[in-house]
Amino acid sequence: GAQVAAPQDQKPQRHEAETMARELVGALRTSYGLSVILKRLATEGGARISEDEMTQEVLKLLTSKGRLKLKNVFQRGSSKSEEPPLMLEICSGSGEWAVAQAKADQGKSNWVTLELRADRVYHTFTRMAMENLANLSIICGDAFKVLGDHMLAGSVTQVL
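A. Main features of the layout of surface pockets. Taken as a whole, the largest pocket holds about 1,700 Å³ of empty space. Sorting the residues of the lining of the largest pocket by element identifies α1 (15-32), α2 (34-43), α3 (51-59), α5 (118-131), β3 (136-140) and α6 (143-150) as the ones contributing at least two each. No other element matches the 10 residues that α1 contributes to the lining of the largest pocket. When its residues are assigned to classes, the lining of the largest pocket shows 29 nonpolar, seven polar and seven charged.

B. Main features of the packing of aromatic side chains. Using the criterion set out here, one finds one aromatic pair in the structure. Aromatic pair W97 and W111: ring centres 5.5 Å apart, planes at 85 degrees, arrangement edge-to-face. Of this pair, W97 sits in helix α4 (residues 96-104) while W111 sits in strand β2 (residues 110-115), and the two are 14 residues apart along the sequence. Exposure remark for W97: the relative accessible area of 42% places this residue in the partly exposed category. Here W111 falls in the buried class, since its relative accessible area comes to 2%.

C. Region of interest: the pattern of salt bridges. Per the counting criterion, the structure on display carries six salt bridges. E57 is the salt-bridge partner of K60, the closest N and O atoms lying 3.0 Å from each other. Residue E57 is classed as partly exposed on the basis of its relative accessible area, which comes to 41%. With a closest N to O distance of 2.7 Å, D119 and R117 form a salt bridge.

D. Quick look at the environment of E115. Mapped onto the elements of the fold, E115 is located in strand β2. As a C-alpha pair, E115 and C91 span 24 residues in sequence and 4.9 Å in three-dimensional space. Excluding residues that lie within four positions of it along the chain, E115 makes contacts with C91, S92, G93, R120, V121, I139, C140 and G141.

E. Looking closely at α4. Of the positions making up α4, those classed as buried are A98, V99 and A102. Relative to the axis of α4, the buried residues are bounded by an arc of 100 degrees and lie together on one face. Where α4 is buried, its residues contact β1 (86-90), β2, α5 and β3.

The rules we used
- Residues numbered from 1 in each chain as written.
- Predicted model: local features only at pLDDT ≥ 70, side-chain atom pairs only at ≥ 80, totals over all residues.
- Heavy atoms only, no water.
- 1 Å grid on protein atoms, 1.4 Å probe; cavity = no way out; pocket = protein on both sides within 12 Å on 5 of 7 lines; lining within 4 Å.
- Points joined across faces, edges and corners; volume = space filled by probe spheres on them.
- Helix = DSSP H or I, 4+ residues; strand = E, 2+ residues; numbered from the N terminus.
- Nonpolar A, V, L, I, M, F, W, Y, C, P; charged D, E, K, R; others polar.
- Phe/Tyr/Trp six-rings, centres within 6.5 Å; stacked < 30°, edge-to-face > 60°.
- Buried < 20%, exposed > 50% of the residue type's maximum accessible area, 1.4 Å probe, protein only.
- Salt bridge = Lys/Arg side-chain N within 4 Å of Asp/Glu carboxyl O.
- Contact = heavy atoms within 4.5 Å.
- Arc of directions from axis to C-beta.

Structure, rendered in structure tokens:
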């Protein structure tokens, strides 16, 4: 007899996003000591989160195709009209300027830096942490690839 095929699941595949999230958390573990940070947080009474749970949190920041939902990185206002502008600095170096801008713009705008060199990203991250900036995020990667393959069109207010 004839077989009837079951309908295909119409939901988008999460494979690309899951791969990207796992790779990101893996890079944080090997390059920035994520495992040590998570253990220290747990022993100091902070949030207990596993690398698998962190991967699930990263997935919330990605579309099914692995594109970044940058506005989800930052705390959101109660309505769309309250969302602050999102500023992107490309080739941000060690982050001195971007950190100063984010500090001056707290509550007014969110900032993202995009830098190729991991050592410079580390310096930006350190500056961001020392200033306790919740309106700054950092992306490490090649600008051509990140902008072309991993950013949603229209997600950034201004590119600097």
